[in-house]
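Architecture at a glance
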Amino acid sequence: MKIIQVNDLTRDFEYYKKAQGIKGSIKNLFKREKKIKHAVKGISFEIKEGEIIGFLGPNGAGKTTTLKMLSGILHPTSGSATVAGYIPWERKDEYKRMFAFVSGQKTQLWNDLPAIDTFYLNKCIYEIPDDEYNDILNELATLLDVKHLINIQVRRLSLGEKMKMQIIASLLHKPSILFLDEPTIGLDIISQQKIRSFIKNYAKKQKVTIILTSHYMKDIEDLCKKVIVINEGSVVYNGHLKDIQSMFHMKKIMNLVFSENIDFEQLKKYGSIIEQSEFKATIELDVKTYAQNTTKILTEFPVIDFTMEEPSVEKGILKLFERNAGNPNE
Amino acid sequence: MMKILKRMHWYLKLLFLFMKLSLQSQLEYRLNFLAGASVEIACLFIKLVYLILVSRTGESIGFLTPDMIMIFIGTYIFMTGMWMLFRGINSIPSIVLRGELDVLMTKPGSLQFLQTFGSFDLAKTFPNVIAGIVLIIIGWSNTTIAASFANITGFLFFIVCGIILTYSFSLIAALLVFWITSRNAVLTLYAALWDFNNMPMAIYPKTMQLIGTFIIPIFVIFNWSGLFILGQLDMFRIIYGAVIPIIVFVLSRMMWKRGIMRYYSANG
């Protein structure tokens, strides 16, 4: 059963251009050149009940704007959408009781008070009966391993702990739809893993529908089978993650630091050099041969330090563009 | 009917919870709380110096004796406390510009209620409200005005009207952020208009009285309760004083709805 239906949804923002310096400011005082930023450009998609969909895209792609329209925070410029039969931006109470919006960048916690006070406030707002509230709180706090922290002022908690508290505050009323906007942003790898693992188990147990936005490929891979890739406000891809996974994993990036000057021509044998300076180089390695080539680089060159990283989401999207060649919903 | 009562109970419960959380939050910083209260008490003291001066001269302003003036100044101080109470309103501009309305927008209930009653500044409110009430009681008891049921009811009625006007005017001033990003000038003007009322409107020329009553009805907030017990309000002004809070409140509500439509949110 389809729970979210989005048709031709568009959101524009108006802004004014300003030239550099005081001349530009004075000019702007009398005449302003109005510009329109198309944050979301006529996107359409459908999501079935119980699905976890990943919204993948670089910063400024339109992921959060789409999520804000679906949670009723923003009105669209045009187009339509229904979530569980409700038009989100009508902001009906019945709808607001059905979903939760969790943002890695916006908090609902009272910073100077322990999280338990925000939980109690949410209990009153959502009119959760006492027994039910105690059971859910106990369950969530145990699962997220923060029982010992709920009486400590939020400002004293780490970023990861704050996010766990945010998640608890958002799930107390048992929402059937979850909008997760970059829930792991700024967190260390261990915290990211814990949050991901919690979301995965929770979704499985409660059968909630989740839209997750992230520009971390790992978030999407761990949680979602389906993905909507969005770039510059348009849907670039809408389908199974496995079909495009290779686009994001064709290359590995290796950052190298050498103890002395090296022959960069020799290094080129193993991959394409992205950046090079006197004692440093960044090289892109093919994922199929990167294990052997890494060993060779480390033995043949005077490497004193190195790091490995995944290519950016932007690069994966670029590859998608090349593959789809203007056919977004392949 | 039961549904409405249940809803009112829900809002009332949230209101007290917000007050409790605001107080708890402010008490976390004991020094700040005490410093805030101390500054307010110091400001109050300066206002009271005016009052002592007026009382000492024994001079009347028109029909107003120094004790009657005390009632008006007490009302002004009380209302200033109410103005400071609505921290949720005063924080609207920064919250809107930082895109922090997002979370509240997803909560059930009236967004206007959740934002405007979501936090209170009790450290600044208490000294003003208490001092205002004390001045009103002292002033009233020193006059020959009867503490009859009609007088007390009428006085309290116009105090409530004044609180509604304070809420609505403060909201209108705060909501201008949706149209004017930098609204310092508007706020300065609003604060100046507010301070016009630290003396009864009777001291101002007739034209200013008319402007402050009918064009920007800010005099209604502070003067109507006092003028009522002095028997200085004719039927037209009594009705006007009762109706204008509703009109300004509806106006502020309309502005709120329009403003929220213009809310752009913000990332990060």
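Per-chain numbering applies: the sequence of each chain, read as written, is numbered from 1 onward. Throughout, the order in which chains and ligands are written sets their labels, letters from A for the former and numbers from 1 for the latter. Residue-level local features of this predicted model are given only where pLDDT is at least 70; pairs of side-chain atoms are given and counted only at 80 or more, and the full residue set underlies all totals for whole chains, interfaces and linings. Calculated side-chain values reflect all of the structure's heavy atoms, with hydrogen atoms and water omitted.

1. Remarks on the domain arrangement of chain A
Looking at the assigned domains, one finds that chain A contains domain 1 (2–245) and domain 2 (250–309). Computed from C-alpha atoms alone, the centre-to-centre distance between domain 1 of chain A and domain 2 of chain A is 38 Å. Note that domain bounds follow an automatic or database assignment of domains.

2. Comments concerning the interface of chain A and chain B
Should any heavy atoms of two residues lie within 4.5 Å, those residues are considered in contact. Listed by partner, the interface residues are 32 residues for chain A and 30 residues for chain B. Together chain A and chain B conceal approximately 3,000 Å² of surface at their shared face, both sides included; 59% is due to carbon and sulfur atoms. The term buried area refers to how much accessible surface (probe radius 1.4 Å) is lost by two components on association, counted for both of them together. Summed over the three residues of chain A that lose the most area to chain B, namely A:Lys106, A:Trp110 and A:Ile125, the buried surface amounts to 20% of that side. Salt bridge, as used here, is a side-chain nitrogen of Lys or Arg placed within 4 Å of a carboxyl oxygen of Asp or Glu. On inspection of chain A and its partner chain B, the count reaches four salt bridges. Under this definition, polar contacts are N or O atom pairs within 3.5 Å; protein pairs additionally need one hydrogen-donor-capable and one acceptor-capable atom, and for neighbouring residues in sequence, both atoms have to be side-chain atoms. Our count for the contact surface shared by chain A and chain B stands at 14 residue pairs in polar contact (both at pLDDT 80 or more). Secondary structure is summarised from DSSP: a helix means a run of H or I of at least four residues, a strand means a run of E of at least two, and numbering begins at the N terminus for each. Counting residues per element, the ones that place at least two in the side of chain A that touches chain B are strand S1 (2–16), helix H2 (63–70), helix H3 (93–96), strand S5 (99–103) and helix H4 (115–125) of chain A.

3. Some details on the pattern of salt bridges
Applying the stated criterion across every chain, the model contains 19 salt bridges over all chains. Taking the shortest distance from any N to any O, the salt bridge between A:Asp130 and A:Lys123 comes out at 2.8 Å. Where A:Arg155 meets B:Glu28, a salt bridge forms, and the shortest distance between an N and an O atom there is 3.1 Å. Here B:Glu28 lies in the loop between helix H1 (2–27) and helix H2 (30–57) and A:Arg155 lies in the loop between helix H5 (130–143) and helix H6 (159–171), a pairing that spans two chains. Take A:Arg155: its relative accessible area is 25%, and that puts it in the partly exposed class. Taken together, the shared-partner salt bridges in this structure form one network comprising A:Arg196, A:Lys218, A:Asp219 and A:Asp222. Summary of the burial criterion: residues with accessible area below 20% of their type's maximum are buried, those above 50% are exposed, and those between are partly exposed, where the area comes from a 1.4 Å probe applied to protein chains only.

4. Brief notes about empty space enclosed by the protein
In the cavity and pocket records, a cavity denotes points on a 1 Å grid over the protein atoms alone where a 1.4 Å probe fits but cannot get out, a pocket denotes an open set with protein on both sides within 12 Å along at least 5 of 7 lines, and lining residues are residues with an atom within 4 Å of a point. Grid points are joined across faces, edges and corners, and a volume is the space filled by probe spheres set on the points. Enumeration over the complete set of coordinates arrives at three cavities of 30 Å³ or more. A volume near 50 Å³ is recorded for the largest cavity. Around the largest cavity, the lining residues are A:Phe99, A:Ala100, A:Phe101, A:Gln108, A:Tyr126, A:Ala169, A:Ser170, A:His173, B:Val103, B:Thr106 and B:Lys107. Mapped by element, the contributors of at least two residues to the lining of the largest cavity are S5 and H6 of chain A. Examining the composition of the lining of the largest cavity, we find that three residues originate from one element, S5(A), more than from any other. Residue polarity is assigned by list, with Asp, Glu, Lys and Arg as charged and Ala, Val, Leu, Ile, Met, Phe, Trp, Tyr, Cys and Pro as nonpolar; anything else, Gly included, falls into the polar class. Taken together, the residues that form the lining of the largest cavity break down as six nonpolar, four polar and one charged. By volume, the second largest cavity is sized at about 40 Å³. Lining the second largest cavity, in full, are A:Val102, A:Ile167, A:Leu171, A:Leu178, A:Leu180, A:Phe198, A:Ile199 and A:Tyr202. For the lining of the second largest cavity, the secondary-structure elements that each account for two or more residues are H6, strand S6 (177–181) and helix H7 (189–206) of chain A. The greatest single-element share of the lining of the second largest cavity, amounting to three residues, is contributed by H7(A).

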